[in-house]
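Structural characterization, general
These are the residues of each chain, in order.
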Amino acid sequence: MEMCIVKWNNKEVLELLHKEKISSFIIEICKTQDIDGQCLLSFVDRDFYDYPFDQLKLGERKRFILLVKKLQRNNRSAMYELGLYDDHTSNNPATNINFVGTNLSHLSYNLHNQLQNELYARNTECISNFTPDVKASKLKPEVWKTAIALGYVFLVTWVTAVVMVIVHDKVPDMKKYPPLPDLFLDNVPHIPWAFDMCEITGSFLMAIWLVVLFFHKHRFIILRRFFALAGTVFLLRCFTMLITSLSVPGSHLKCEPRFYPPADDLTVWGRRLRQAYDIWSGAGMSVRGVRTCGDYMFSGHTVALTLLNFFITEYTSRSLYLLHILTWVMNMFGIFFILAAHEHYSIDVFIAFYITSRLFLYYHTLSNNQALMQSDSSRTRIWFPLLSFFESEVDGIVPNEYEGPMEIVINLKQWLVQLVLDVKASSVARVAGSKLQEGAAMGEYSMVRLVDGIKRNISIMEEYKNSRQRLATLDKNVQAGHDLPEADLRHGKLAELTNDALFRDFSKPPSPAIKKNI
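Residues numbered from 1 in each chain as written. Predicted model: local features only at pLDDT ≥ 70, side-chain atom pairs only at ≥ 80, totals over all residues. Heavy atoms only, no water.

A look at the overall build of the protein chain
Tallying secondary structure elements over the protein chain gives 20 helices and zero strands in all. When burial is assessed residue by residue, the protein chain has 36% of its 518 residues classed as buried. Counting only contacts in the protein chain whose residues sit at least 6 apart along the sequence, the fraction spanning at least 24 positions is 79%. Total accessible area on the protein chain stands at roughly 32,000 Å², and carbon and sulfur atoms take up 62% of it. (Helix = DSSP H or I, 4+ residues; strand = E, 2+ residues; numbered from the N terminus. Buried < 20%, exposed > 50% of the residue type's maximum accessible area, 1.4 Å probe, protein only. Contact = heavy atoms within 4.5 Å. Areas by Shrake-Rupley, 256 points an atom, 1.4 Å probe, with all protein chains shown as cover.)

As C-alpha cells, this is what we get:
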C-alpha cells in the first residue's frame, strides 16, 4: 500500500474517505477540487485551515488531519521520491509535515500568522530598511563636506592652542600646591625620555593611518569622520582644561605662569596669540619644542593615540590581525610612556581613553544603522548635528575596499578633469546668466520704447483724423461760400458760424480778404 497511494486518482481517494467515515462535506470538497493521492501526500498544516477547508467543524477537521498524517507517515519513501520529505523541513512549524502524530503547530497557525503580520506592520519602517551588517548602497565622496570637516578641526585646534596658553598662565604655584596623590605616579619612577617615545609612537601610528587612508577607496568619508571626531574631542578638552586647574603632576616640570612686561591688553593678547601659533604649528609636541603646563584634564596625546588606533583597526581588513595587535600595543605603550614621563595624572589618561573610545563607537554605531535614526531624526539632529550633516548620504557600513596605485592615479585624473569641467560649466553658466540678464534688460527697454512708439503713432493718427475732419468741414463751408472769420478758421469752430458770414454772390470774384481767409 505504501507506493499505491501515489497512483491513486480522485475516485480512489473518495473511496478511502468513505471507508474512513470522513464527513460528506470534506468528500464533496475533495471531489470538487480533484484531490488525488499525490495531493494528499503534499498536504501541509496550513492547507487544513485555508480555503476550501476553512469552513469545517472542529471534529471534521481533526479526523481529516489524523487520516492525512497517517497516510504521510506510512508513505515516507513515496514522499521522498516526490521531493516532499526532507529532514530540514521539520524546522519550520508553519509548513512541516509531522509523521509522529498531530503537529500542535497547526492549532495556533492562524494566531501565529496574525501576530506575525501585526509585528511586521508595526516595524515595517525599520525592517524594510535594516538588515544586519548591511553595506552602504550609496557612498558619495562629498569632498566639500570633507573640506568643511578640515576647517572645523583647524578651528578647534586653534582654539585649543589659545586655551592652552590661558591655562598655562593660570597654572597653580608648585610650592603652594604639590602634586596630587596618584596610584600610578607614586609607584612608577620618572623616566625622562618616555614622553618623547610616546610622541614617536604616535608618529608611527599616524604614518600607518596615512597609508591606510591613501589606499582606501572611500578615503574622503573616513577622513571627514576622523576630522569630526578629533575636532569634537579636542573641543570638549578645551572646556575641561578651563574649568579646573590641576596642580603640576611632577616636580621635575618647570611650570610657572608667563611674565608679560607692563603693556596694554592688546599687546598682551598679541603675545598670547603668538604663543598659541607656536603651539598650533608644532601640533603641541615636545619633540618640536612645544612645552606647556596646566593642560592636564584630559590628555591630548592619549586622544591622538586612541583615535589613530581605532581608525586603523576599523578601516582595515579583519584578517590583518597582526596589524591590529601592533596598533593596540602601540596605543597601550604610548599611554604607559605618558604616565612614566609623569606628564599627566592617571585620571587624565583614563578619561581621555574613555571619552575618545565612546565617541568613536557612538558615532560609528549611529552612522552604520541609519534605519534606527529615521524614526527619531529630529532628536538626532539636535544631539548629533555633525553626524546628521556629515552622514546624511551614507546609509550603511562603509566597506573596506582598496585601490591600487594606478587606479588611484586614474581616479585622481578623472576627478581633476571633472572638477575642471564643473568649473568651466559654472563659469559658462554665470556668463550665460549675465548675458541673459542683459538681454532681458535690453528686451525690457525695447518693449518700453515699442510701447511708447505705438502710443505716439496712435496720438498722431488721432490728430490726423481730427485734422481730416476739420479740413473736410472747412472745405464744405468754403464750397458753400461761407465768409469765415480768421479766428474761426484758425480754431475750426465751424458750428458756431452765423448766416451773415455766408458768401452768396457767386457772380463776382471773392474779395482779397475772403481769399486770405480761405
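Focus: the packing of aromatic side chains
Scanning the entire structure with this criterion turns up 25 aromatic pairs. Relative to F389, the ring of W144 lies with its centre 5.8 Å away and its plane at 80°, an arrangement referred to as edge-to-face. Remark: F389 occurs in helix α17 (residues 385-390) and W144 occurs in helix α8 (residues 143-169); sequence separation between them is 245 residues. Between F333 and F337 the ring centres are 6.1 Å apart and the planes differ by 50°, which places this aromatic pair in the tilted class. Note that F333 and F337 are positioned in helix α13 (residues 321-340) at a spacing of four residues, about one turn of the helix. Exposure remark for F333: the relative accessible area of 46% places this residue in the partly exposed category. (Phe/Tyr/Trp six-rings, centres within 6.5 Å; stacked < 30°, edge-to-face > 60°.)

Some remarks on the state of the cysteines
Inspection of every chain in the model, using the stated rule, returns one disulfide. What pairs with C255 in a disulfide is C293, and their sulfur atoms sit 1.8 Å apart. Where C255 bonds to C293 through sulfur, the torsion about that S-S bond is close to -65°, and the disulfide is left-handed. Here C255 is found in the loop between α10 (219-243) and α11 (265-281), whereas its partner C293 is found in the loop between α11 and α12 (300-314), with 38 residues between them in sequence. Take C255 and C293: they sit in the same class, and that class is buried. (Disulfide = S-S within 2.5 Å.)

Description of the environment of L67
Inspection of the secondary structure assignment puts L67 in helix α4 (residues 58-74). Taking the C-alpha atoms as reference, L67 lies 9.6 Å from L40; in sequence the two are 27 residues apart.

Considering the packing of α12 against α13
Running from N to C, α12 and α13 point in directions that differ by 175°, and their axes come no closer than 9 Å. Here α13 runs roughly antiparallel to α12, going by the angle between their axes. In this structure, α12 uses H301, T302, L305, T306, N309, F310, I312 and T313 to contact α13, whose residues at the interface are L323, H324, T327, W328, N331, G334, I335 and I338. Its residues assigned to classes, the contact of α12 with α13 comprises seven nonpolar, nine polar and no charged. (Axes fitted to C-alpha atoms, helices over the stretch in contact; angles between N-to-C directions. Parallel < 35°, antiparallel > 145°, perpendicular 65-115°, else oblique. Nonpolar A, V, L, I, M, F, W, Y, C, P; charged D, E, K, R; others polar.)

Examining helix α14 (residues 346-368)
In a regular helix each residue adds 1.5 Å, so 23 residues correspond to 33 Å; α14 covers 33 Å between its end C-alpha atoms and thus fits that length. Every buried residue belonging to α14 is among D348, V349, A352, I355, T356, S357, F360, Y363, H364, S367 and N368, and all of these are buried. (Expected span 1.5 Å × (residues − 1).)

Comments concerning the confidence of the model for the protein chain
Looking at the protein chain, pLDDT values average 79 and 77% of them are 70 or higher. The low-confidence segment residues 88-112, where pLDDT is below 50, has 42 contacts with residues more than four positions distant or belonging to other chains. Note that pLDDT drops below 50 for residues 491-507; the model gives that stretch 28 contacts with residues more than four away or on any other chain. (pLDDT = per-residue confidence, 0-100.)

Looking at the nonpolar core
The biggest cluster of nonpolar side chains holds 56 residues, and the ones touching the most others in it are W209 and F311. When residues of this core are traced back to their parent elements, those giving at least two are α8, α9 (194-215), α10, α12, α13, α14 and α17. By residue number, the principal contributor to this core is α10, which donates ten residues. Ranked by size, the runner-up nonpolar core spans 27 residues in total, among them I29, C30, L40 and I65. (Core = buried A, V, L, I, M, F, W, Y, C linked by side-chain atoms within 4.5 Å.)

Brief notes about the pattern of salt bridges
This model, assessed by the stated rule, comprises eleven salt bridges. Of the charged contacts in the structure, one is a salt bridge between R224 and E142, with a shortest N-O distance of 3.2 Å. In this pair, R224 is assigned in helix α10 and E142 in the loop between α7 (124-129) and α8, connecting sequence segments 82 residues apart. E142 sits in the buried class, given a relative accessible area of 12%. Across the pair D295 and R237 runs a salt bridge, and its minimum N-O distance is 3.3 Å. Remark: R237 occurs in helix α10 and D295 occurs in the loop between α11 and α12; sequence separation between them is 58 residues. Considered together, D295 and R237 belong to a single accessibility category, that of buried residues. (Salt bridge = Lys/Arg side-chain N within 4 Å of Asp/Glu carboxyl O.)

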